[in-house]
Amino acid sequence: MTNASQPGHHKPRLLGAYLFALCLYQIGIYQWPGGPPFILDPRAGIPVFLINHFALDNKVIYPVEWISVAWLIFMAAMTFFRGKFVKTYLISELLLAAPTAYYIGLLAIERGGHFAPGYKDLLLTIFLFMMFSLMPVGLAAYSIMHNRRSRASPNPVS
C-alpha cells in the first residue's frame, strides 16, 4: 500500500500545500526591492531576538531568515509529497515561532521600545503570526492526532 492511499494521508498533504503557500509568501517578502518590509515579515521576531540578545546585524540576520525559508521548503516537500516529518515540523515551527511570540509579548507588555509599531501594525503582526505559526501548528497537531487514532482503531474512518 502506498503512502498516498493510506487513510489520513490527506491531512499531511493539506499541511504541506499550506506550507508551500507560506514559502511563496516568505520568499516574496525576502526578495522585496530594497529589503523586506519589517512589518510584513512573518518571522519578525527572529531579527528582534538576534538584535536584542546577541547584537547581531544584517550580515547574520538575512542568512538566518533564508535558512528558515529553506527549512520551510524542505518541510513542505516532505509533508506534501511523502506525508513524513509532521512531528519534526511541529517541533521546529514551535522553535521558529518562539521569537515572534516573544516579540508580540514585548510589544504588548513593554510597548516594544524602539521596535514599537502602531496598533494596526501590531494587529498585522498578530495576524501573520496566526497564519504562519498557529494555523500550521494546529494542522500538524490535528494530523498527528488523526494518524494516531487511525492506527489505534482497527477500521479507521476517513
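Nothing here was measured: the structure is a model prediction, and the numbers come from that model.

Reading the values: rules and limits
- Residues numbered from 1 in each chain as written.
- Predicted model: local features only at pLDDT ≥ 70, side-chain atom pairs only at ≥ 80, totals over all residues.
- Heavy atoms only, no water.
- Helix = DSSP H or I, 4+ residues; strand = E, 2+ residues; numbered from the N terminus.
- Buried < 20%, exposed > 50% of the residue type's maximum accessible area, 1.4 Å probe, protein only.
- Contact = heavy atoms within 4.5 Å.
- Areas by Shrake-Rupley, 256 points an atom, 1.4 Å probe, with all protein chains shown as cover.
- pLDDT = per-residue confidence, 0-100.

Broken down by element type, the protein chain carries 5 helices and 0 strands. Listing the helices and strands of the protein chain from first to last along the sequence gives α-α-α-α-α. Counting every position in the protein chain, which comprises 158 residues, the buried fraction comes to 38%. In the protein chain, once contacts between residues fewer than 6 apart in sequence are set aside, the share between residues at least 24 apart is 73%. By element, 70% of the accessible surface of the protein chain is carried by carbon and sulfur atoms, the whole surface being about 9100 Å².

In this section: the confidence of the model for the protein chain. Looking at the protein chain as a whole, its pLDDT mean stands at 86, while 86% of the residues score no less than 70. Long-range and interchain partners of residues 1-5, a stretch whose pLDDT sits below 50, account for 5 contacts in this model, where long-range means more than four residues apart.

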